[in-house]
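Reading the structure
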Amino acid sequence: MPSMSRSRVVSALRSAGCVFAEDEAELILTTARTPDEVAAMVDRRVAGLPLEQVLGWAEFHGLRITVEPGVFVPRRRTEFLVQQALALGPDARVVVDLCCGSGAVGAALAAALDGPELHAADIEPAAVRCARGNVGAYGGRVHEGDLFAALPDELRGRIDLLAANVPYVPTHEVPLLPSEARDHEPLAALDGGSDGLDVLRRVAAEAGRWLAPGGSVLVETSEHQVPAAVEAFTGGGLRTRLAVSDEWYANVLIGTRAA
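Small disclaimer: the values here were computed from a predicted structure and weren't measured. Throughout this description, residue numbers start from 1 for each chain and increase along the sequence as written. Whole-chain, interface and lining totals are the exception, using all residues; otherwise, since this is a predicted model, local features are given only for residues with pLDDT of at least 70 and side-chain atom pairs are given and counted only at 80 or more. The basis for every side-chain value is the complete set of heavy atoms in the structure, and neither hydrogens nor water enter the calculation.

**A short note on the pattern of salt bridges**
Here a salt bridge means any side-chain nitrogen of Lys or Arg lying within 4 Å of a carboxyl oxygen belonging to Asp or Glu. Within this structure, the stated rule accounts for 14 salt bridges. The closest approach of N and O atoms between glutamate 24 and arginine 45, which form a salt bridge, is 2.8 Å. Separated by 21 residues along the polypeptide, glutamate 24 in helix H2 (residues 21-31) and arginine 45 in helix H3 (residues 35-46) bring together distant segments of the chain. Aspartate 146 is the partner of arginine 202 in a salt bridge, and the nearest nitrogen-oxygen pair spans 2.7 Å. Of this pair, arginine 202 sits in helix H9 (residues 198-210) while aspartate 146 sits in the loop between strand S5 (141-144) and strand S6 (159-164), and the two are 56 residues apart along the sequence. Throughout, exposure labels follow a simple rule: accessible area from a 1.4 Å probe, protein chains only, divided by the maximum for the residue type, with under 20% read as buried, over 50% as exposed, and the rest as partly exposed. According to the relative accessible area criterion, arginine 202 is partly exposed, its value standing at 37%. Helix and strand definitions follow DSSP, with helices as H or I runs of at least four residues and strands as E runs of at least two, each counted in order from the N terminus.

**Overview of the packing of helix H1 (residues 6-15) against H2**
Packed helix pairs are characterised by how far apart their axes lie and by the angle those axes make with each other. Contact geometry for H1 and H2: axes closest at 9 Å, N-to-C directions at 125°. By the criterion of interaxial angle, the relationship of H1 to H2 is oblique. Along this stretch, H1 crosses H2, giving a crossing that reads as right-handed. Along the contact surface, H1 presents Arg6, Val9, Val10, Leu13 and Arg14, while H2 presents Ala21, Glu22, Glu24, Ala25, Glu26, Ile28 and Leu29. Here the residues of the contact of H1 with H2 sort into 7 nonpolar, no polar and 5 charged. Orientation is described by axes fitted as lines to C-alpha atoms, over the contacting stretch for helices, and by angles from 0 to 180 degrees between their N-to-C directions. Oblique is the label for any angle not covered by the other classes, which are roughly parallel (under 35 degrees), roughly antiparallel (over 145) and roughly perpendicular (65 to 115). For any helix crossing, the convention is left-handed if the near helix is rotated counterclockwise from the far helix by under a right angle, and right-handed if that rotation is clockwise. Should any heavy atoms of two residues lie within 4.5 Å, those residues are considered in contact. Here the nonpolar group is Ala, Val, Leu, Ile, Met, Phe, Trp, Tyr, Cys and Pro; Asp, Glu, Lys and Arg are the charged ones; every other residue, Gly included, is treated as polar.

**Re the pairing of strand S3 (residues 94-98)**
Summarising burial for S3: 5 of the 5 residues are buried, a large majority. The alternating pattern of S3 places Val94, Val96 and Leu98 on one face and Val95 and Asp97 on the opposite face, and all of these are buried. Two strands pair under a simple rule: DSSP has to find at least two bridges between them. By the bridge criterion, 5 bridges tie S3 to strand S4 (residues 117-122) in an arrangement that is parallel. Among the inter-strand pairings, aspartate 97 is bridged to a residue of S4, identified as alanine 120. For the crossover that starts at S3, traverses helix H6 (residues 104-112) and ends in the parallel S4, the hand is right-handed. When the strands point away from the viewer, a crossover counts as right-handed if the route from the first strand across the helix to the second turns clockwise.

**A short note on the sheet that holds S3**
The sheet built from 7 strands is open, its strands ordered S5-S4-S3-S6-S7-S9-S8 with mixed pairing. Pairing within the sheet leaves two strands with one partner each, and these edge strands are S5 and strand S8 (239-245). Between one strand axis and the next, the sheet turns by 20° as a mean value, whatever way the strands run. The strands touched by H6 within the sheet are S3, S4 and S6, with S3 carrying the most contacts at an inclination of about 160°. Where helix H7 (residues 125-136) meets the sheet, it contacts S4 and S5, and its direction lies at approximately 175° from that of S5.

**Considerations on the pairing of S6**
By the criterion of burial, S6 is predominantly enclosed, with 5 of the 6 residues buried. Summarising the sheet, S3 and S6 pair through 4 bridges and their orientation is parallel. The partner of valine 96 across the bridge, within S6, is leucine 162. Pairing between S6 and strand S7 (residues 211-221): 4 bridges, direction parallel. Its bridge partner being in S7, isoleucine 159 is matched across the sheet by leucine 211.

**Regarding the packing of H9 against helix H10 (residues 226-235)**
Close contact between H9 and H10 brings their axes to 8 Å; oriented N to C, the two are set at 25°. If you check the angle between H9 and H10, you find them roughly parallel. Handedness of the crossing formed by H9 with H10: right-handed. Side by side, H9 and H10 meet where Leu200, Arg201 and Ala204 of the first sit next to Ala228, Ala229, Ala232 and Phe233 of the second.

**Quick notes on the environment of glycine 145**
When you line up the elements, glycine 145 lands in the loop between S5 and S6. Classification of glycine 145 as buried rests on a relative accessible area of 19%. Among all residues touching glycine 145, those that are not within four sequence positions of it are Asp122, Ile123 and Ala150.

Honestly, that's just the spatial picture; any functional story needs more than this.
Shown next as structure tokens:
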């Protein structure tokens, strides 16, 4: 197969509606090892797969995170959650990445901390397989199952930082998502129930029993969901505050167990 020139790659991506066709072409051309791989990557991207699944990796908090087909793609705005967690617990010893997807958040926290005990969990088998590669580099363990039920009992009352990147899109809004998310990422990673807060409420109800004294849980939510999310956190006995980033369009709710 003749190699695809940069201009042909850009043209194919632009024709498929890729807004940043030049940047995407550069990433494909530098990631692919052979002309056949270039052509295959372009075909997958043109078919609508998320760029990160096409490349096999995503950049997140300075790391290159492996992203496999069928796994939730880490969003750059979630770096704000990581920043908030690190500011809260610079000396955290036990870290958990719940609803971990690729394990990007757990890997980013472990990379910045001094050798914490790291656990991650997800209900999706594909995510668990993918996360094992990403958090395994930091000695982390990945568990398959539904939220806290996936975690070893020995973690109860010991978690310093609990990052829970829960799904928070209301069910009726899922069809409005971009097709690359709607068609190629697991529904369980997107759909948060009728008002988007079903999973968040479950995390808020149980987190206090798993956190160490003074430990914190951090979740993302949307601006209009904040009042109900705060109510869920305070109902779970957590001291609650909101961190907002206009730059990242991110709202991170932080719940802390009393010391």
